[in-house]
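# Coordinate inspection notes
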Amino acid sequence: MSLNEQVLSYPIPNDTALEPPAEWTELRGTCPVAHVKLPSGDQATLLTRYADVKQVLADPRFTRQLNAPDAARLSAEGGGVFNSEMATILPDGGEEHQHWRRLVGKWFTAKRMAALRPSMTEIAEQLIDDMVERGQPGDLKAGLGFPLPVYVICDMLGVPAADRDRFSYWSDTLLNLTRYTQAEIEAAQGEFFQYMSDHLAAKRAEPGEDLLSELIAVGGPEDGGLADIQILVTGMALLVAGHETTANMIGKMVSMLLADRSRWERLLADPSLIRTAVEETLRLDANSGFGLPRYLREETEVSGTVLPRGTTVVCSMAAANRDESAFEAAAEMDLSRSPNPHLSFGAGAHSCLGQALARTELQVVLEVLLRRLPALELAVPVEELERVEGLAVGGLRTVPVRW
């Protein structure tokens, strides 16, 4: 039976940590608009071609209104950040959304990231010192991948980095589609909400030089600012998005580069390739998680297929990033690939607000690792690396390394 005639389970099961499911190539070739069954049991439509994914992500008719009565539930419990009520508090489109992005986006410009680079480097150096002191083999994810983005985003939000383990649990409940019960999800969201509420009250009493203090200082909607609840949810969203995705990507990036030693050697010989190498690992990341779900408010055509109103579409950016029609030798890792218009950060009005931050963190980590631990290697065969299951954001359980 061809993929056109069957309903695939989604996410597509995959045993390998770094390689894509075999079905992606066939889907792009013969069934670019596929029927899939989500963890909830509900049906959705999966897109895997570059042009289709880019089109949908830039089309305002495909919304983030996943709480609509006829939208597919992503998980059986209805949990996960995509389905949460919180997702509806921030404006979804139009001028309101652009206004929110302008207010928050000032903190994520390339210029600000360049200013943060020395402190990021310092944090990476210290974390590597600590990892070396603990001895080898070490877990690069726990020792460097997770703490570095947490320290950085906590600093930007004026939040104590000492609370990072709590953020880790709250993030996991918001992003995991299968691990937690509805009661656990609601309890974690309640705790996180209360924490951020208390934090904002403290910032009002004693402002700092951080993003949340600045959003408070602008004033409410009548002053051109955000409502209190919007500032609170912005803080929660940035804490989750600001560390979970990059923490996982650091581990995957290093694993991909060490999986074939010649890649690491090439970067050691020519560190000027670090920037393009980071972009190429982002493009080739086959374990990026769920993809971006969108809800269709009106009938629309994609790739010659008419999608009725009420369809829930899942855009697989990772599958699209391996589309031969968009990238030459798309399955190959080319550390000098440029330009590299991958879709890992989305596209259009909802492209990732923190992409300059993520890029800077990944570049800094790679710079410091190449300089400090040139003999770095995986401490287990690539085949033994394990995926984190159920997470809307893909990652590896651990990244065992020696140096």
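Keep in mind that what you see is a predicted model, and the values were worked out from it rather than measured. What you see as residue numbers is a count from 1 along each chain, following the sequence as written. Per-residue local features are limited, in this predicted model, to residues with pLDDT of at least 70; the limit for side-chain atom pairs, both in listing and counting, is 80 or more; totals at the level of whole chains, interfaces and linings are taken over all residues. To get the side-chain values, all heavy atoms of the structure are used, and hydrogens and water are removed first.

## Examining the overall build of the protein chain
Helix and strand counts for the protein chain stand at 14 helices and 11 strands. Computation of the radius of gyration draws on C-alpha atoms alone. For the globule rule, the value is 2.2 Å times the number of residues to the power 0.38. Taken over C-alpha atoms, the radius of gyration comes to 21 Å for the protein chain, in line with the 22 Å a tight globule of 403 residues would show. Dimensions of the protein chain along its principal axes, counting C-alpha atoms only, are 55 × 55 × 40 Å. Expressed as a percentage of its 403 residues, the buried residues of the protein chain come to 54%. Any two residues whose heavy atoms approach within 4.5 Å are treated as being in contact. Sequence-distant contacts in the protein chain: of pairs separated by 6 or more residues, those separated by 24 or more amount to 74%. Neither His nor the chain ends contribute to the count of charged residues, in which Lys and Arg are positive and Asp and Glu negative. Working definition for charges: the position is that of NZ of Lys, CZ of Arg, CG of Asp or CD of Glu. Charge-centre separation for the protein chain: the mean point of 37 positive side chains lies 3 Å from the mean point of 57 negative side chains. By the criteria applied, helices consist of DSSP H or I runs no shorter than four residues and strands consist of E runs no shorter than two, each listed in order from the N terminus. Exposure categories follow from relative accessible area, calculated using a 1.4 Å probe and restricted to protein chains: below 20% of the type maximum is buried, above 50% is exposed, and the middle band is partly exposed.

## Some details on the layout of surface pockets
Whether a set of points on the 1 Å grid over the protein atoms alone is a cavity depends on a 1.4 Å probe fitting there but being unable to get out, while an open set qualifies as a pocket with protein on both sides within 12 Å along at least five of seven lines; lining residues are those with an atom within 4 Å of a point. Grid points are joined across faces, edges and corners, and a volume is the space filled by probe spheres set on the points. By volume, the second largest pocket amounts to about 320 Å³. Lining of the second largest pocket is provided by 16 residues; of these, L18, E19, A259, R263 and V382 occupy positions nearest its centre. Residues are grouped as follows: Ala, Val, Leu, Ile, Met, Phe, Trp, Tyr, Cys and Pro are nonpolar; Asp, Glu, Lys and Arg are charged; all remaining types, including Gly, are polar. Of the residues that constitute the lining of the second largest pocket, the class distribution is 9 nonpolar, 1 polar and 6 charged.

## Section: the side chain of E280
Mapped onto the fold, E280 is located in helix 12 (residues 274-284). Residues adjacent in sequence count toward polar contacts only when both atoms are side-chain atoms; beyond that, a polar contact is any pair of N or O atoms within 3.5 Å, and within protein one must be able to donate a hydrogen and the other to accept it. Reaching out from E280, the side chain makes a polar contact with the side chain of R337 at a distance of 3.0 Å. Non-local contacts of E280, meaning those with residues more than four positions away in its chain, are made with E332, M333, D334, R337 and N340.

## Let's talk about the packing of aromatic side chains
Only centres within 6.5 Å qualify two rings of Phe, Tyr or Trp (six-membered ring in Trp) as a pair; their planes then separate them into stacked at under 30 degrees, edge-to-face at over 60, and tilted for everything else. Scanning all chains against the criterion turns up 6 aromatic pairs. When the ring of F167 is compared with that of Y195, the centres are 5.5 Å apart and the planes differ by 80 degrees; the resulting orientation is edge-to-face. Of this pair, F167 sits in helix 7 (residues 164-175) while Y195 sits in helix 8 (residues 182-205), and the two are 28 residues apart along the sequence. A ring pair is formed by W170 and F192, whose centres lie 4.9 Å apart and whose planes are at 15 degrees; its orientation type is stacked.

## Focus on the sheet that holds strand 11 (residues 400-402)
Read from one edge to the other, the open sheet built from 3 strands follows the order 5-11-10, with strand pairing classed as antiparallel. Whereas interior strands pair on both sides, the edge strands pair on one side only; in this sheet they are strand 5 (138-139) and strand 10 (377-378). Both strand 5 and strand 11 contribute to a ladder of 2 bridges, which runs antiparallel. Within the sheet, the bridge partner assigned to G138 lies in strand 11 and is V401. Only strands joined by at least two bridges in the DSSP assignment are considered to pair.

## A closer look at helix 10 (residues 228-259)
The first and last C-alpha atoms of helix 10 sit 47 Å apart over 32 residues, in line with the 46 Å expected at 1.5 Å per residue. The buried fraction of helix 10 amounts to 26 of the 32 residues, a majority that puts the element mostly inside the structure. To estimate how far a helix should reach, multiply one less than its number of residues by 1.5 Å.

## As for unusual backbone geometry
A negative phi angle is the norm for most residues apart from glycine, just as the trans form is the norm for most peptide bonds. Cis rather than trans, the peptide bond between Q136 and P137 has omega equal to -5 degrees. Position of P137 relative to the elements: it lies in the loop between helix 4 (110-134) and strand 5. With omega at 0 degrees, the peptide bond leading from S338 into P339 counts as cis. Its place among the elements puts P339 in the loop between helix 13 (317-320) and helix 14 (355-372). For A329, which is not glycine, the phi dihedral falls at a positive 45 degrees. Within the secondary structure, A329 is located in the loop between helix 13 and helix 14.

## A closer look at the nonpolar core
By nonpolar core is meant a set of buried Ala, Val, Leu, Ile, Met, Phe, Trp, Tyr and Cys residues that side-chain atoms within 4.5 Å join together. With 86 residues, the main nonpolar core has F108, L140, M156, L211, M253, L366 and L369 as its most contacted residues. With 15 residues, the top contributor of residues to this core is helix 10. Counting 19 residues, the second largest nonpolar core, distinct from the first, contains V33, L307, A320 and F327.

## With respect to the packing of helix 8 against helix 9 (residues 211-218)
Helix axes are fitted only over the stretch in contact, all axes being lines through C-alpha atoms; the angle between N-to-C directions runs from 0 to 180 degrees. It is the contact of helix 8 with helix 9, at a shortest axis distance of 10 Å, that shows an interaxial angle of 65 degrees. Of the possible angle classes, the one that applies to helix 8 and helix 9 is roughly perpendicular. Viewed along their axes, helix 8 and helix 9 form a crossing whose handedness is right-handed. Residues M196, H199, L200, K203 and R204 of helix 8 form the contact with helix 9, whose own contacting residues are L212, S213 and I216. Of the residues assigned to the contact of helix 8 with helix 9, the class counts are 4 nonpolar, 2 polar and 2 charged. Here the angle decides the label: under 35 degrees means roughly parallel, over 145 means roughly antiparallel, 65 to 115 means roughly perpendicular, and every other value means oblique. For any helix crossing, the convention is left-handed if the near helix is rotated counterclockwise from the far helix by under a right angle, and right-handed if that rotation is clockwise.

## As for the environment of G158
Mapped onto the secondary structure, G158 falls in the loop between helix 6 (147-157) and helix 7. As for G158 and P207, which are separated by 49 residues in sequence, their C-alpha atoms are 9.2 Å apart. Each residue touching G158, except ones within four places of it in the same chain, is listed here: H199, K203 and D210.

## A closer look at helix 2 (residues 50-58)
Listing the buried residues of helix 2 in full gives Y50, D52, V53, V56 and L57. Within helix 2, the buried residues cover an arc of 165 degrees as seen down the axis, which keeps them to one side. For helix 2, the secondary structure elements touched by its buried residues are strand 3 (43-47), strand 4 (62-63), strand 6 (292-296), strand 7 (300-302), strand 9 (312-315) and helix 13. The arc in question is formed by the directions pointing from the helix axis toward the C-beta atoms.

## Things to note about the pairing of strand 3
Buried residues dominate strand 3, accounting for 4 of its 5 residues. Pairing geometry for strand 2 (residues 33-37) and strand 3, over 5 bridges, is antiparallel. Across the sheet, the residue bridging to K37 is Q43, located in strand 3. Counting the residues between successive antiparallel strands, the hairpin from strand 2 to strand 3 contains 5 residues, one of them, G41, with a positive phi of roughly 95 degrees.

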